Amino acid sequence: MLPLFGDERRREINLGGSSSVTTSQAAILNQARARRIERETVRKRHESAVTIQAWWRGITDARRARQELREQFTGDITGLTGLRCLVLIGQDTDFLDRWTAEVLSQGSLFGLAHGRDREHWLVLMRQVFFLLLRSISDCTRSERAVSCLQVLCSLLNPASAIEALGFSGNQLTVSITEYAVRHDLYQYLARLIQTIGPEAKNAPTLPFFVELIYRPLNTLERSSEAFLRCFQSLAIHILTIPLLPNRIPISSLTALSAKLPLSSLSVLSTSIADLASTIPLQSHVHLIANLYTFTSPRYAILPPSSLKTYLQLMTASLSILPVHALDPPSASDAAPAMSWDDDGDSESEQPQVAVVTSFAPTPRLPPLDTRTQKRLQILPSPSHLNALLKAVQHDRGALPDLVSWLVNLCTVWPTRKDKILSTLLLYGGGGLVREIYRDYVRNSPLGKDENMSSLMDPSLASAWPPLLLLTELYTQSLLTMGDDEFFSNSRTSLTLDELVVFSRALFNIAFALYWRDDQTKIQEGGVPGLNLRWVGVRDKITKCLQAIHARDSRKPFMPENHWHVNSQIDMNSFIDAAVFEEQQLDESSAPRALTKRQLSHFSPRLGVLNNIPFAIQFETRVLIFRRFVENDKWNRNRDARGRIDVSIRRGHIAQDGYDRLAEADLRAPIAITFIDQFGEPEAGIDGGGVFKEFFTSLCKEVFDTDRGLWLENKRNEIYPNPHLYATEPHNLNWYRFIGRILGKALYKGILVEVAFAGFFLAKWLDKQSFLDDLASLDPDLYQGLIFLKNYTGDVEDLALNFTVAIEEFGIAKAVDLIPDGSNVPVTRENRLQYIYLTSHYRLSKQIKLQSEAFFEGLSDMIDPKWLRMFNQQELQILLGGVNAPVDVQDLRAHTQYGGLYDDDEPTIQTFWKVLEDFDQEQRRLFLRFVTSCSRPPLLGFKQLNPLFAIRDAGSDEHRLPTSSTCVNLLKLPRYTSEKKLHDKLLQAISSGAGFDLS
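Note that the coordinates shown come from a computational prediction; the quantities given were computed from them, not determined experimentally.

K.L.:
In this structure, what is going on with the overall build of the protein chain? I would like to understand it.
P.N.:
When you go through the protein chain residue by residue, the secondary structure sums to 44 helices and 10 strands. Looking at the protein chain residue by residue over its 998 residues, the buried ones come to 52%. In the form shown here, the protein chain has an accessible surface area of approximately 45800 Å², with 51% of it arising from carbon and sulfur atoms.

Shown next as structure tokens:
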């Protein structure tokens, strides 16, 4: 080879012998290095020259060979030589078009597929198949693309091969089909279809694309591995195409729907997990929409195994999607979804605090097209759910899969949860609750005492969906279930015996999840196969437990100690630990207004006390409450110098109390000085008794229903006046003040002789009200709603809509219960929602502002998490004492004496004998006479502050006994006969006379 750059290899030789210049050692080394670099450069130049020359020769040879191939192809276009030349030429659109046109015009596609050329033709035709498929990628709407697609469809059509070759042609088609599927046929088709927008559904190539989709599925043997691979590719690439039904012409869509072998969906049953992990996150929504579109018309005729696989595949996709993924953008970007059993605006203006468990960004899906949204809206519709339930009835084996799908749908789409649950409750006359319980939950290992340590074991994954769906269904049913229906053992609900077992299982699960010291796993871990964290499981179960316990509190039916865990934990250490955790939380930087879920994360014991407080006995919780208060007092370290001195006029107790104390720090000691009618301070020092007298008088005034702030129900329980007048700013300030005063009573342990309606007390505890609460407020409306719930005729004949009638200032008007409610008729499907919203409006919405103002004042004195340790009935006891018999012996054991009296004095002996002879009603009158409250303290008379006392009132037997309720003091004259003492005492307590401040 001639050198391109001269003979660089020629060495320079010095013939003069030694160098004429004395060279140092360093210079010699540098020269050697330079020559080495020079030689390396020359070598690289030489190699590059060789490479360029070889490339050029290759190009020249290729051009020459390609030209020869073209000439040979032209001489034998439809022959085997032409076919070989076509494959060797490769992706040349002109030659592919010529070959396509020739075989179509001559009908010679299968002309060489027989005899000794059969195998050669098959190998070459597989290559040509993908050359044609790739050639149309840039011209998916052109006529030349149509010609190519015609050839492709013929190659995959067994009928064309059989017509040309007889039955042996079928094997050729199967071989080409298997090769095409194995080499990503559906991936090519997906890309090609998506290059044509949904608006261009009349493109001439679309029918051929559709045919290429279903041909392999109809050709391959359904029991073969190739068919499974084909179906998997269809699911991954074709059924995930956005708006697939909208991209296809109606005639082709009908053909595709008919030809898809959905009856063989069961072949995917073993590969669902792999499919779910392979499909991109954003494509799962389209898989759900497309799979529903093609499968739903066949629910009734699908084989049970295929129906199960369909539900499992839908469930797997739902479990991967983030919450709200199926919502329109406006809904998913809004605040957390509200169900119609929540007070939708109860905390709309309150700052929300969240426990951050991960700083990873929340997955965000691209906005959904309105047509996809419309298709998805059918998933939770009554018609679709009823169709699925009816299909499952033919084979009950698919019910667990349907249950899993429903749980995931409710989780991912919380704004549709109520619609779903209402439909399920109404289906088939309402027996689904019992069916799920008896078939799947009753014998479930979950909640059993022996399985509590393995609660999160993946082996129990299949047991969770039935339990969770039953929990949601039962919680929902209780919202609109009256006590008559609840206790009637109707087929729409669980029997009381079943409820005892079910509630205990739920209780065990909830307690185990709250009691874990490692709450991180609860916050971050999830149920296998469900898009639900353990903290969500705990919340659902807690909500159901609270609803069941509320029924049991009103009308007890559970066994004794059913709700308690005394045997599992040491109560003394529990109390100490709860108080310590509360103090630690109070001293930390955590915000005071923590939600119940956040509180559970910080403190397991406070989580129990705030979510399932009934796990701990009421008396224990009262002790904890008093310890919380004592700790708060100690932390404030108030003394006499920090007290508030207040002057109150005798005739203006409420107004002066409001003016002086509305903005005061009521946790500080308050010293009351009464001003008499002449403007002079009354004598005496307030050591607590005068304040109690002020408080008792204040309560009589502010809770007087004649003032317009409160109304009474049929049970003489008071609740805020729902009239518009009561929502004026001045009156809301009064509600706020009354809340603060009542908080002061709780703080000091003063009992209040006032009974609040249960639905109003529920607002203090952030709990929802129930339909049965309406019976005491508006019996006529309650009976009307019960009639509507049980109505068997056409509900629309009743001509109801989603409005409620109210009267303001003598003018009747209709208020919408939902947006545009006046135009939304009440139907069989939505009547449960109407019943709930109507009762919710009367029980909650109408008194929302009043309740919020009251609770704002109450929270200023009492930490809301302290109150959440009790239910409504317990809170009433905490306020006004226990509605229990008056224990005279307990009262005597905690009585102090003054003057000439002691426990052995004859008059005192006679007094206790008379009091023992009183019936309970007379004892209550006596208790009210001396303490201003007719109910004894919850933990006995040792809690009375100050203790009950009896003082000598002289020897005048004509004088009636008197009392000082401010200090729980009875002033008893020294009567010499039992009859006189009995008569005088009974006269005094019955008339209410004898109050005297000494």
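K.L.:
Please clarify how the pattern of salt bridges should be interpreted in this entry.
P.N.:
Oppositely charged side chains are able to pair whenever their charged atoms sit close together. Per the counting criterion, the structure on display carries 37 salt bridges. A salt bridge links E40 to R43, with the shortest nitrogen-to-oxygen separation between them at 2.3 Å. Placement of the pair is E40 and R43 together in helix α1 (residues 25–75), with a separation of three residues, close to one helical turn. Judged by its relative accessible area of 37%, R43 is partly exposed. A salt bridge links D917 to K913; its shortest N-O distance comes to 3.8 Å. You can see D917 and its partner K913 sitting in helix α42 (residues 906–917), four residues apart, about one turn around the helix.

K.L.:
Please clarify how helix α4 (residues 118–135) should be interpreted in this entry.
P.N.:
Working note: α-helix, 3.6 residues per turn, so residues spaced by three or four point in the same direction. Over its 18 residues, α4 extends 25 Å from the first C-alpha to the last, a length consistent with the 26 Å expected when each residue adds 1.5 Å. Of all the residues in α4, the buried ones are R118, W121, L122, L124, M125, V128, F129, F130, L131, L132, L133 and S135. Against the buried residues of α4 lie α2 (80–89), α3 (93–106), α5 (143–155), α7 (169–182) and α8 (185–194).

K.L.:
Please explain a negative patch on the surface as it appears in this structure.
P.N.:
Taken together, D794, E796, D797 and E829 make up a surface patch of like negative charges. Tracing the chain through its elements places E796 in the loop between α36 (779–790) and β5 (803–808).

K.L.:
What exactly am I supposed to notice about unusual backbone geometry here?
P.N.:
Peptide bonds are mostly trans, and most non-glycine residues show a negative phi. A positive phi angle is found at D820, which is not glycine, with a value near 60°. Considering the arrangement of structural elements, one finds D820 in the loop between β6 (811–816) and α37 (831–843). Residue classification places D820 among the partly exposed positions, given a relative accessible area of 45%. Look at N968: it is not a glycine, yet its phi comes out positive at around 55°. By the element assignment, N968 lies in the loop between β9 (962–964) and β10 (969–972). Judged by relative accessible area, N968 falls into the buried class, the value being 0%.

K.L.:
How should I be thinking about the UniProt feature "active site" (unreviewed entry) in the protein chain in this particular structure?
P.N.:
Feature annotation in UniProt assigns "active site" (unreviewed entry) to the following positions: C966. Among the secondary structure elements, C966 is positioned in the loop between β9 and β10. Classification of C966 as buried rests on a relative accessible area of 3%.

K.L.:
What am I meant to see in the sheet that holds strand β8 (residues 948–952) here?
P.N.:
Within a sheet, each strand pairs with its neighbour through backbone hydrogen bonds, oriented either parallel or antiparallel. If you walk across this open sheet you meet the four strands as β7-β8-β10-β9, and the pairing is mixed. Looking at which strands have only one partner, the edges of the open sheet turn out to be β7 (895–898) and β9. Here the strands of the sheet are splayed against their neighbours by 25° on average, with no regard to which way each runs. Here β7 runs beside β8; their pairing, made up of four bridges, is parallel. Within the sheet, the bridge partner assigned to Y897 lies in β8 and is I950.

K.L.:
Is there a simple way to think about the packing of α1 against α3 in this case?
P.N.:
To characterise two packed helices, one gives the angle between the axes of the helices and the distance between these axes. At a minimum axis distance of 12 Å, the contact between α1 and α3 shows a crossing angle of 15°. Here α3 runs roughly parallel to α1, going by the angle between their axes. Relative to α3, the crossing made by α1 is left-handed. Touching R70, F73 and T74 of α1 are F95, R98 and W99, all from α3. Taken together, the residues of the contact of α1 with α3 sort by class into three nonpolar, one polar and two charged.

K.L.:
Just checking my understanding: could you explain the confidence of the model for the protein chain for this structure?
P.N.:
Close inspection of predicted coordinates is inappropriate for parts of the model with low pLDDT. Confidence in the prediction of the protein chain, expressed as mean pLDDT, is 85, and 90% of residues score 70 or more. Note that residues 331–338 has pLDDT below 50 and, in this model, eight contacts with residues that lie over four places away or in other chains.

K.L.:
Just to check I follow, could you spell out helix α6 (residues 158–165) for this structure?
P.N.:
By the burial criterion, the buried members of α6 are P158, A161 and L165. Along the long axis of α6, the arc covered by the buried residues comes to 65°, so they all point the same way. Buried residues in α6 make contact with α7 and α9 (206–219). Capping the start of α6 is the job of one residue whose side-chain oxygen sits 3.1 Å from the backbone nitrogen of A159: N157.

K.L.:
Explain the packing of aromatic side chains here, please?
P.N.:
How two aromatic rings sit relative to each other is set out by the distance from centre to centre and by the angle between their planes. The final tally for this structure, using the stated rule, is 47 aromatic pairs. With 5.7 Å between their ring centres and 85° between their planes, F227 and F231 make a pair best called edge-to-face. Of this pair, F227 and F231 both sit in helix α10 (residues 225–238), separated by four residues, roughly a single helical turn. Judged on exposure class, the residue F227 and its partner F231 are both buried. An angle of 70° between the planes, with centres 5.1 Å apart, marks the rings of W563 and F614 as edge-to-face. Of the two residues, W563 sits in the loop between α26 (534–554) and α27 (571–587) while F614 sits in the loop between α29 (604–611) and α30 (618–636), which places them 51 residues apart along the sequence. With respect to class, W563 is no different from F614; both count as buried.

K.L.:
For this particular structure, what's the right way to read the nonpolar core?
P.N.:
Among soluble globular proteins, nonpolar side chains are generally buried collectively. W99, W405, W464, F756 and W764 are the most contacted members of the largest nonpolar core, which totals 280 residues. Every residue in contact with F756, bar those within four places of it in the chain, is listed here: F703, W710, E717, I718, L742, L761, W764, Q876 and L879. Of all hydrophobic cores here, the second largest spans 25 residues; its members include L891, L927, L970 and Y975.

K.L.:
Explain the environment of M481 here, please?
P.N.:
Its place among the elements puts M481 in the loop between α22 (464–479) and α23 (483–486). Separated by 291 residues in the primary sequence, M481 and D772 place their C-alpha atoms 7.1 Å from one another. When near neighbours in sequence (up to four residues on either side) are disregarded, M481 contacts F486, S493, R551, L771 and K789.

K.L.:
In this structure, what is going on with the pairing of β8? I would like to understand it.
P.N.:
Across a regular strand the side chains alternate sides, sitting on one face of the sheet and then on the other. Of all five residues in β8, four are buried; the element is thus mostly enclosed. Sheet analysis places β8 next to β10, joined by four bridges and oriented parallel. Its bridge partner being in β10, D952 is matched across the sheet by L972.

K.L.:
Help me understand the side chain of K540 in this model?
P.N.:
Residue placement: K540 occurs in helix α26. A residue is classified by how much of its surface remains accessible, and K540, at 16% relative accessible area, is buried. Setting aside anything within four residues of it in sequence, one finds K540 in contact with T471, E472 and L532.

The rules we used
Residues numbered from 1 in each chain as written. Predicted model: local features only at pLDDT ≥ 70, side-chain atom pairs only at ≥ 80, totals over all residues. Heavy atoms only, no water. Helix = DSSP H or I, 4+ residues; strand = E, 2+ residues; numbered from the N terminus. Buried < 20%, exposed > 50% of the residue type's maximum accessible area, 1.4 Å probe, protein only. Areas by Shrake-Rupley, 256 points an atom, 1.4 Å probe, with all protein chains shown as cover. Salt bridge = Lys/Arg side-chain N within 4 Å of Asp/Glu carboxyl O. Expected span 1.5 Å × (residues − 1). Contact = heavy atoms within 4.5 Å. Patch = residues over 30% accessible without salt bridge, like charges linked within 9 Å, V, L, I, M, F, W, Y side chains within 5 Å. Lys, Arg positive; Asp, Glu negative; His and termini not counted. Charge placed at Lys NZ, Arg CZ, Asp CG, Glu CD. UniProt positions renumbered as here; feature names shortened; annotations may be inferred. Pairing = 2+ DSSP bridges. Axes fitted to C-alpha atoms, helices over the stretch in contact; angles between N-to-C directions. Parallel < 35°, antiparallel > 145°, perpendicular 65-115°, else oblique. Left-handed = near helix turned anticlockwise from the far one by under 90°. Nonpolar A, V, L, I, M, F, W, Y, C, P; charged D, E, K, R; others polar. pLDDT = per-residue confidence, 0-100. Arc of directions from axis to C-beta. Polar contact = N/O pair within 3.5 Å; in protein donor to acceptor, adjacent residues only side chain to side chain. Phe/Tyr/Trp six-rings, centres within 6.5 Å; stacked < 30°, edge-to-face > 60°. Core = buried A, V, L, I, M, F, W, Y, C linked by side-chain atoms within 4.5 Å.

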